[in-house]
Amino acid sequence: MMEGGSSWSAYGSGGSTGSGFDVVAFLKKPQVILRLVSWVFSIIVFSCIAADGYSSVSGVSHVCAYGDMSNCGYGTAVGVLAFLGLLVFLVLDALFDNLSNVDHRKYIVIGDIAFSGMWSFLWFVCFCLLTNKWTENKEKDKFTKSGVEAAIAFSFFSIGTFIAITVLAVIRYRKGVVDEFPPEYDPNAFGGNTPYSGTEQGNAPPYQAGTGEFNQSPFTSQDPKPLPGGYQQQTY
């Protein structure tokens, strides 16, 4: 992991560790805008189901507009849990830039991908379920249609916002991996100097291109002296 400037901005951090909280900059972040919109959508879904999703039909009180009671429970649960999860991630977004630990930022982004991706799927199931059961309902006039259909509509809108949040989280994660582990070697990481350079140490290559000659070995004597007895000193 690099300890330079790139690691401070890994996974989308602004590198403002220790600085004050900027509300305007926070609210301008794309993921924050999408979370706030999704947060409002989730409130609309579970409040509409709670207020208008139940009625008295044929003398039976508290009948779900979407058929079985479990269907109303599912839509309410998805909306409430999305509401709470989005609050948690909004708080984490507010603290994110002041987190100096890269691993903590990475885990938050991974959690964001998991949560947003899962809720994209759950909202899709919710939309399909509520739409199907509402179209099969033969007692539509017993319910407040605007509230029942609003829950269906905002379930559909929530699919798009959560998919967008997931995509942004994936982009942050991929960028963070690149910032944390650069794919290429940086020669300036050690001051731009290699510790062992042949030309700087005065070691020329043994063969000079274009001359057809080899350099004399530094350990070879230029004028070997004869030894007594007719032997000649060996050169190395």
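Here, the structure is the one placed above.
Residues numbered from 1 in each chain as written. Predicted model: local features only at pLDDT ≥ 70, side-chain atom pairs only at ≥ 80, totals over all residues. Heavy atoms only, no water.

Here we take up the state of the cysteines. If you walk through the whole model with that rule in mind, you get one disulfide. In this structure Cys-128 is a free cysteine whose sulfur lies 9.4 Å from that of Cys-126, the closest cysteine sulfur available. Judged by relative accessible area, which is 34%, Cys-128 ranks as partly exposed. (Disulfide = S-S within 2.5 Å. Buried < 20%, exposed > 50% of the residue type's maximum accessible area, 1.4 Å probe, protein only.)

Contact geometry of helix α3 (residues 30–52) with helix α5 (residues 102–136) gives a least axis separation of 14 Å together with a crossing angle of 35°. Considering how the two elements wind past one another, α3 and α5 form a crossing that is left-handed. Here α3 contributes Arg-35, Ser-42, Val-45 and Ile-49 to the contact with α5, which in turn contributes Asp-112, Ser-116, Trp-123 and Leu-130. Split by residue class, the contact of α3 with α5 holds four nonpolar, two polar and two charged. (Axes fitted to C-alpha atoms, helices over the stretch in contact; angles between N-to-C directions. Helix = DSSP H or I, 4+ residues; strand = E, 2+ residues; numbered from the N terminus. Left-handed = near helix turned anticlockwise from the far one by under 90°. Contact = heavy atoms within 4.5 Å. Nonpolar A, V, L, I, M, F, W, Y, C, P; charged D, E, K, R; others polar.)

So, about the nonpolar core. Where a protein is soluble and globular, its nonpolar side chains tend to be buried together. Judged by nonpolar contacts, the single largest core of 27 residues is most densely connected at Ile-49, Tyr-66, Trp-119, Trp-123, Trp-134 and Phe-162. Every element with two or more residues in this core is listed here: α3, α4 (69–96), α5 and α6 (145–180). In this view, Phe-162 contacts Ser-38, Ala-82, Leu-86, Phe-115, Ser-116, Trp-119, Ser-120 and Trp-123; residues no more than four positions away in its chain are not counted. (Core = buried A, V, L, I, M, F, W, Y, C linked by side-chain atoms within 4.5 Å.)

It is worth spelling out the pattern of salt bridges at this point. Evaluation of the coordinates by the stated rule reveals five salt bridges. Lys-29 is the salt-bridge partner of Asp-97, the closest N and O atoms lying 3.3 Å from each other. Remark: Lys-29 occurs in the loop between α2 (23–27) and α3 and Asp-97 occurs in the loop between α4 and α5; sequence separation between them is 68 residues. Note on Asp-97: relative accessible area 16%, which makes it buried. Between Lys-106 and Asp-103 there is a salt bridge, with the nearest N and O atoms lying 4.0 Å from each other. A residue pair is termed a helical-turn pair when its members lie 3 or 4 positions apart in one helix, as Lys-106 and Asp-103 do in helix α5 at three residues. (Salt bridge = Lys/Arg side-chain N within 4 Å of Asp/Glu carboxyl O.)

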